[in-house]
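# A look at the structure
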Amino acid sequence: MSGRHASNGGRRHLLSIGDLGAGGIREILRLADSFAEVNTRAIPKVPALRGRTVASLFFEDSTRTRLSFETAAKRLSADTMTFSAGASALSKGESLRDTAETVAAMGVDCTVVRHRSAGVAVQLSRWLDGSVINAGDGCHEHPTQALLDCYTITERLGGIEGRHVAIVGDIAHSRVARSLVAALQLLGAGVTLVAPATLLPPATDGWGVKVSSRIDAILPRADVVYLLRLQRERQERALLPSLREFHERFGLTAERAGRLADHAIVMHPGPMNRGVEIGAEVPEMDCAVVAEQVANGVSVRMAVLFWLLGAEPGAMAAPSADASGTPEPAPAAEVGDG
Ligand code: NCD
C-alpha cells in the first residue's frame, strides 16, 4: 500500500494528513472516484462493508461532517451507531475513555470522533481496538475535509500541482486550514494565507506558505479562494474591531468574486456566515462550489472507510469487480434500507 498510515497493531487510522503522505492522498482520491460513480446510481449502495460497524462519537456540534460519515457508512452497507455528547452519560460524569470504551464494547470496527481538544483522536486510537478517524480535534486537524477539498479542486481544475490557493479568514483557529495546507503542499500547490495578524497562527514559518493581509492583491492570482468562518467558539478574546470591518477588509464580496479569474473557484467548508467572510449572494454565483464540496464529501468518506476497513493491509487496490466489497452493482437482495 502506498503512503504511510498511522496504525496500531495492524489497524489503520486516519488521524492527520501527514499519516497519509502524497501517495495515500492520491489513493483515496482515486477510490473516491469509483464511489462517486456509485453515488450517481438509482440505488447508491454497495455491500463493501456489510457486517462492519461504524460509530460516530461527536463531542462537538456538527451538521455536514456527521451526516456525511453516516451516509457514507450506510452506502457501504455498514451498520452505524451514533453518540451525541449532549444526550449521553457524559453529563453524569463519565470520562472520555469510559465513554469510548463503552461504545467500543458493543463491537465497533471504526470510530469517527470529533472533539474540542486537539489530540483526542490519537488518544482514542491507543485505547480502542478498531480504526479511528479524526473528524476534527480542536484547532488541530480535520483530514477528511482536506481530502474532499482536494477531490473538489481536482474535479474542477483538473489537478492541484502548480495551483495557487488563497485561504482567507480565521486561520488561527482552523483545523480545516491545518489539514488543507498539509495536503495542498504534499500535492504541489502554492498557498497564501490571507488574514489580519490576530487571526494568523503564532508562527507560520514552518508552514511553507506565503502570508498576506491584502485580499485584493491576492485575488487576481488565485485559482482557488478558500474561505473560513470566524470560529468564535475557539477564540479566547476579542480579535477583531468589528464584523463589519472584517467583512470590508477580508470578506469575499460579490464585487471581489467578480474580479476572480474566469476559471477560479470559491470554496467554504461550512458552516458559512453570509455577510461576514462571504458575501450573502456569493454562494449562489457560478464560481462557488460549496454544494459540490458537500456532495463530494460522501464519496470521499466512503473511500476513507473502505480504505480503512475494506481490505487486508497490503491487499489494497482500486475497487474491482470481485467479491471484496466493491463499487459493483449490489444484488437487489443486498440493498437494505440503510
Ligand atoms: C469545519 C469544522 O468543524 O472544523 N466544518 C466542517 O467540518 N465542515 C469548519 C468550521 O467549523 O468552521
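The numbering scheme is per chain: residues are counted from 1 as the chain's sequence reads. Local features in a predicted model are, by the rule used here, given only for residues with pLDDT of at least 70; side-chain atom pairs are given and counted only at 80 or more, and totals for whole chains, interfaces and linings are based on all residues. Only heavy atoms go into the side-chain values, all of them from the structure, while hydrogens and water stay out.

## Details of the site of the ligand
Cut-off, in case you're wondering: Whether a residue is near a molecule or strand depends on its heavy atoms: it is near if one of them lies within 4 Å of it. Any N or O atom pair separated by 3.5 Å or less is treated as a polar contact, with the protein-specific requirement of one donor-capable and one acceptor-capable atom, and with residues adjacent in sequence counted only for side-chain atom pairs. Computed by Shrake-Rupley with a 1.4 Å probe, the accessible areas treat only the displayed protein chains as cover when residues are assessed. Put plainly, a pocket is an open set of points on a 1 Å grid over the protein atoms alone with protein on both sides within 12 Å along at least five of seven lines, a cavity is a set where a 1.4 Å probe fits but cannot get out, and a lining residue has an atom within 4 Å of a point. The way we define it, a molecule is inside a pocket or cavity when more than half of its atoms are within 2 Å of that pocket's grid points. The helix and strand labels rest on DSSP assignments: H or I over at least four residues marks a helix, E over at least two residues marks a strand, and numbering proceeds from the N terminus.
Residues in close proximity to the ligand include Arg64, Thr65, Arg114, His142, Gln145, Arg175, Val176, Arg229, Gln231, Pro269, Gly270 and Pro271, which together make up its full environment. Within the side chain of histidine 142, a nitrogen or oxygen atom sits 2.8 Å from an oxygen atom of the ligand. At 3.3 Å from a nitrogen atom of the ligand is found a side-chain nitrogen or oxygen belonging to glutamine 145. Notes on the ligand: free accessible area 310 Å², of which the protein chains cover 95%. With respect to the detected pockets, the ligand is housed in the largest pocket. Sorting the residues of the shell around the ligand by element identifies helix 2 (64-75) and helix 6 (175-186) as the ones contributing at least two each.

## Looking at the packing of aromatic side chains
In plain terms, the rule: Two aromatic rings from Phe, Tyr or Trp, using only the six-membered ring of Trp, form a pair when their centres are within 6.5 Å; if the ring planes differ by under 30 degrees the pair is stacked, by over 60 it is edge-to-face, and anything between is tilted. To sort residues, take the accessible area from a 1.4 Å probe on protein chains only and compare it with the maximum for the residue type: under 20% means buried, over 50% means exposed, and anything in between is partly exposed.
Counted by the stated rule, this structure contains three aromatic pairs. Centre to centre, the rings of phenylalanine 59 and phenylalanine 83 are 5.1 Å apart; their planes meet at 55 degrees, and the pair counts as tilted. Of this pair, phenylalanine 59 sits in the loop between strand 3 (53-58) and helix 2 while phenylalanine 83 sits in strand 4 (residues 79-84), and the two are 24 residues apart along the sequence. Take phenylalanine 59: its relative accessible area is 13%, and that puts it in the buried class. Judged by its relative accessible area of 11%, phenylalanine 83 is buried. On the basis of an interplanar angle of 25 degrees and a centroid distance of 5.7 Å, the ring pair of phenylalanine 246 and phenylalanine 250 is categorised as stacked. With phenylalanine 246 and phenylalanine 250 both in helix 8 (residues 243-250), this residue pair falls four residues apart, about one helical turn. Look at phenylalanine 246 and you get buried, because its relative accessible area is 3%. Residue classification places phenylalanine 250 among the buried positions, given a relative accessible area of 2%.

## Some remarks on the pairing of strand 4
To keep things clear, this is the line we draw: Only when DSSP finds a minimum of two bridges between them are two strands counted as paired. By convention, orient the strands away from the viewer: a clockwise path from the first strand over the helix to the second makes the crossover right-handed.
Pairing geometry for strand 3 and strand 4, over six bridges, is parallel. Within strand 4, the residue paired with alanine 55 across the bridge is methionine 81. This β-α-β element, strand 3 to helix 2 to strand 4, shows right-handed connectivity.

## Points about empty space enclosed by the protein
To be explicit about the condition: Grid points are joined across faces, edges and corners, and a volume is the space filled by probe spheres set on the points. Classification used: nonpolar for Ala, Val, Leu, Ile, Met, Phe, Trp, Tyr, Cys and Pro, charged for Asp, Glu, Lys and Arg, polar for all others including Gly.
Summed over all chains, the structure comprises one cavity of 30 Å³ or more. Estimated volume of the largest cavity: approximately 70 Å³. If you list the elements that add at least two residues to the lining of the largest cavity, you get helix 2, helix 5 (143-157) and helix 10 (290-309). Residue contributions to the lining of the largest cavity peak at four residues, all from helix 10. For the lining of the largest cavity, a count of residues per class yields three nonpolar, five polar and two charged.

## Regarding the sheet that holds strand 3
Rules: Note on geometry: axes are C-alpha line fits, over the in-contact stretch for helices, and angles between N-to-C directions span 0 to 180 degrees.
The strand order across the open sheet formed by four strands is 4-3-5-6, and the pairing between neighbours is parallel. Where the open sheet ends on each side, the last strands, each with one partner, are strand 4 and strand 6 (131-137). The sheet shows a mean angle of 15 degrees between the axes of neighbouring strands, taken without regard to direction. Here strand 5 (residues 110-115) runs beside strand 6; their pairing, made up of five bridges, is parallel.

## Here we look at the pairing of strand 8 (residues 190-194)
Here strand 8 lies mainly inside the structure; four of its five residues are buried. Where strand 7 (residues 164-169) lies against strand 8, five bridges are found, and the strand directions are parallel. Counterpart to valine 165 in the pairing with strand 8 is valine 191. In this fold, strand 7 hands off to helix 6, which returns the chain to strand 8; that crossover is right-handed. Where strand 8 lies against strand 9 (residues 210-212), three bridges are found, and the strand directions are parallel. Counted as the bridge partner of valine 194 is serine 212 from strand 9.

## Comments concerning the nonpolar core
Threshold: The definition of a nonpolar core used throughout is a set of buried Ala, Val, Leu, Ile, Met, Phe, Trp, Tyr and Cys residues joined through side-chain atoms within 4.5 Å.
Counting residues in each nonpolar core, the largest one holds 89 residues, and the members touching the most others are Phe35, Leu147, Ile167, Ile171, Leu184, Leu193 and Leu305. In this structure, Phe83, Val103, Leu124 and Leu128 belong to the second largest nonpolar core, which totals 15 residues.

As far as function goes, none of this settles anything; it's purely spatial.
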